[in-house]
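Next come the chains, spelled out residue by residue.
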Amino acid sequence: MTIPAMMPVYGRCDVAPVRGEGCYLYDAQGREWLDFASGIAVNALGHSHPHLIGAIQKQAATLMHISNLYGAPDQARVAQRLVDRSFADTVFFTNSGAEALECAIKTCRRHHTAAGRPEKYRLLTFSNAFHGRTMTTIAVTDQAKLRDGFDPLPDWATVLPFGDLEAATAAMDDSIGGILVEPIQGEGGIRPGGHAFLQGLRDLCDAHGILLIFDEVQCGVGRTGKLFAYEHYGVTPDIMTLAKGIGGGFPVGACLATENAASGMVVGTHGSTYGGNPLAMAAIDASLDVIDTPDFLAHVTAMGDRLRQSLEQMIPNHDHLFDYVRGVGLMLGLKMKSDSRAFVGHARDHGILTVAAGDNVVRLLPPLIIEERHIRECVEKLSDAARAYAVPQAA
Ligand SMILES: *Cc1c(COP(=O)(O)O)cnc(C)c1O
């Protein structure tokens, strides 16, 4: 047998944490890393946050799972909490981001079929987007690295350059039922869509009677200093997906929609065995208790500004390596002049975890609970790493 017991679909690095505390991870030998990755924007409250642990422990001892065939007071309460704080009127809970996208895409499809417009089954989506790894979510991208070996995939999307409103306007036809976009691209390299682009997409949807779907799986839930990234742009979607930070590390996602967008989602059209279980609801509740306060969101904004300034001050000392910083709040990208993947690996050896993204960007996605001292330590470690770094020569 040569295949490992863990299906070898990941190129794993040699960091093997067994314990986490606040902004730090530790391996079995006691090696320590400053965690500026947070999973990938997942551990919003850092590791071992007492409020999150307490809520999950208490719920685990009370009621872990019930079928969605039964009434679900906990789920109803958390759904109402999200409705009260967003554009949405209704919520479907999932176990992951890709599942939230599946629900969003089904909701859009049903919106049109229920109104007698079955021809509007396709979406406009954007290059360098990431919406997950299910067959549907890879079908709506043009990324070879996600799609390779999975053809034939259904022709469910027209993929356009991110930020190109003219292309979106020109690509409109009767088959398009919605526009799916990350307000701030994550995997694609921390690229904010900007007000003009997102407002333009909103206007386009309104003009054509189709739905605007925001994928906030990475940029949502406090990461940018607002509860939802769309609040920065004053542009509201019809459907929105959440996951990652919303459970603080517990696997849970959500698809939010307006009443109009969800008009086709009647009994029997969708479901999930685990979606919305009491344990996941306790995790969302506890995460929102901490994140969704004006003081905490102001803290995220302040730390985001501080981190950006510190990185910008660092760049001139290593300007053969680093170019500039982009992003919003604590969703920042450090643009490199060479391969960011190699540098992220090198930085790990200097005790700091970051995540590589497209366009040679190093993603900084720290826990939202970071303090000034973590920012100082981050910049010291990145500077140490940069000083000791020899840019790999292309073969
Ligand atoms: C991570 C991510 C997803 C997929 O989430 P999974 O939980 O891995 O399925 C979808 N959209 C965006 C924007 C993401 O960052």
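About the thresholds
- Residues numbered from 1 in each chain as written.
- Predicted model: local features only at pLDDT ≥ 70, side-chain atom pairs only at ≥ 80, totals over all residues.
- Heavy atoms only, no water.
- Helix = DSSP H or I, 4+ residues; strand = E, 2+ residues; numbered from the N terminus.
- Rg over C-alpha atoms; globule rule 2.2 N^0.38 Å.
- Buried < 20%, exposed > 50% of the residue type's maximum accessible area, 1.4 Å probe, protein only.
- Contact = heavy atoms within 4.5 Å.
- Areas by Shrake-Rupley, 256 points an atom, 1.4 Å probe, with all protein chains shown as cover.
- Lys, Arg positive; Asp, Glu negative; His and termini not counted.
- Charge placed at Lys NZ, Arg CZ, Asp CG, Glu CD.
- Core = buried A, V, L, I, M, F, W, Y, C linked by side-chain atoms within 4.5 Å.
- Domains from an automatic or database assignment.
- Pairing = 2+ DSSP bridges.
- Axes fitted to C-alpha atoms, helices over the stretch in contact; angles between N-to-C directions.
- Buried area = accessible area lost by both parts, 1.4 Å probe.
- Salt bridge = Lys/Arg side-chain N within 4 Å of Asp/Glu carboxyl O.

Chemist: Quick question: what am I supposed to make of the overall build of the protein here?
Modeler: Counting its secondary structure elements, the protein contains 13 helices and 17 strands. Scaling as 2.2 N^0.38, a compact globule of 395 residues should have a C-alpha radius of gyration of about 21 Å, and the protein matches this with 21 Å. The principal-axis extents of the C-alpha atoms in the protein amount to approximately 65 × 55 × 55 Å. For the protein, the residues scored as buried account for 55% of the 395 residues in total. Contacts spanning at least 24 positions in sequence make up 72% of the contacts within the protein whose residues lie at least 6 apart. Accessible surface computed for the protein: about 17,000 Å², of which carbon and sulfur atoms make up 53%. Taking the average location of the 33 positive side-chain charges in the protein and that of its 44 negative ones, the two points are 3 Å from each other.

Chemist: When you look at the nonpolar core in this model, what are you seeing that I'm missing?
Modeler: Within soluble globular proteins, side chains that are nonpolar generally end up buried alongside one another. Counting residues in hydrophobic clusters, the biggest one holds 104 residues, and the most contacted among them are Ile-179 and Phe-343. Top contributing element to this core by residue count: helix 10 (residues 278-291), with 9 residues. Composition of this core by domain shows at least three residues from each of domain 1 (17-48 + 293-387) and domain 2 (63-291). Counting 18 residues, the second-largest nonpolar core is a separate cluster that includes Cys-103, Val-140, Leu-180 and Ala-262.

Chemist: Explain the sheet that holds strand 13 (residues 322-328) here, please?
Modeler: Note: strands within a sheet are paired through backbone hydrogen bonds, in either parallel or antiparallel orientation. Spatially, the 4 strands line up as an open sheet ordered 13-14-17-16, and their pairing is antiparallel. Each having just a single partner strand, strand 13 and strand 16 (355-357) make up the two edges of the open sheet. For this sheet, the mean inter-axis angle between neighbouring strands, taken without regard to orientation, is 30 degrees. In terms of strand pairing, strand 16 meets strand 17 (residues 361-364) through 3 bridges, oriented antiparallel. Residue pairing across strands places Ala-357 opposite Val-361, the latter belonging to strand 17. Contacting strand 13, strand 14 (331-336) and strand 17, helix 11 (residues 294-314) runs over the sheet at an angle of about 170 degrees to strand 13.

Chemist: Got a minute to help me understand the sheet that holds strand 15 (residues 352-353) in this structure?
Modeler: The mixed open sheet is built from 4 strands, whose spatial order is 1-2-3-15. In this open sheet, the two strands that pair with only one neighbour each are strand 1 (17-21) and strand 15. When strand 2 (residues 24-27) meets strand 3 (residues 32-35), the two strands line up antiparallel, connected through 3 bridges. Bridge pairing in strand 3 places Tyr-24 opposite Leu-34. Sheet strands in contact with helix 13 (residues 372-387) are strand 2, strand 3 and strand 15, and its direction is about 110 degrees off that of strand 3.

Chemist: Explanation requested: unusual backbone geometry in the structure shown.
Modeler: A negative phi angle is the norm for most residues apart from glycine, just as the trans form is the norm for most peptide bonds. Cis rather than trans, the peptide bond between Asp-151 and Pro-152 has omega equal to 0 degrees. Within the secondary structure, Pro-152 is located in the loop between helix 6 (144-147) and strand 6 (157-160). In the Ramachandran plot, Val-221 falls in the positive-phi region, its phi being about 60 degrees despite a non-glycine side chain. Relative to the helices and strands, Val-221 is located in the loop between strand 10 (211-215) and helix 9 (230-233). Positive phi, close to 55 degrees, is recorded for Asn-360, a residue that is not glycine. Within the secondary structure layout, Asn-360 lies in the loop between strand 16 and strand 17. Its relative accessible area of 29% is what places Asn-360 among the partly exposed residues.

Chemist: Can you walk me through the domain arrangement of the protein in this structure?
Modeler: A common measure of how large an interface is: the accessible area buried when the components associate. With domains assigned, the protein is organised as domain 1 (17-48 + 293-387) and domain 2 (63-291). Just the C-alpha atoms count here: the centres of domain 1 and domain 2 sit 27 Å apart. Between domain 1 and domain 2, the contact holds 28 residues from the first and 30 residues from the second. Overall, the association of domain 1 and domain 2 removes approximately 2,300 Å² of surface from exposure, summing both partners, and the carbon and sulfur fraction of that is 63%.

Chemist: Explain the pattern of salt bridges to me, please; I cannot follow it from the model alone.
Modeler: Oppositely charged side chains can pair when the atoms bearing their charge come close. What the rule picks out here adds up to 17 salt bridges. Residues Arg-19 and Glu-21 are paired through a salt bridge, measuring 3.0 Å at the closest nitrogen-oxygen approach. The residue Asp-206 makes a salt bridge to Arg-202 at a minimum N-O spacing of 2.8 Å. Pair noted here: Asp-206 and Arg-202 are both in helix 8 (residues 195-208), with a separation of 4 residues, about one helical turn. Residues joined in a network through salt bridges with shared partners are Asp-74, Arg-77, Arg-81, Asp-285 and Asp-289.

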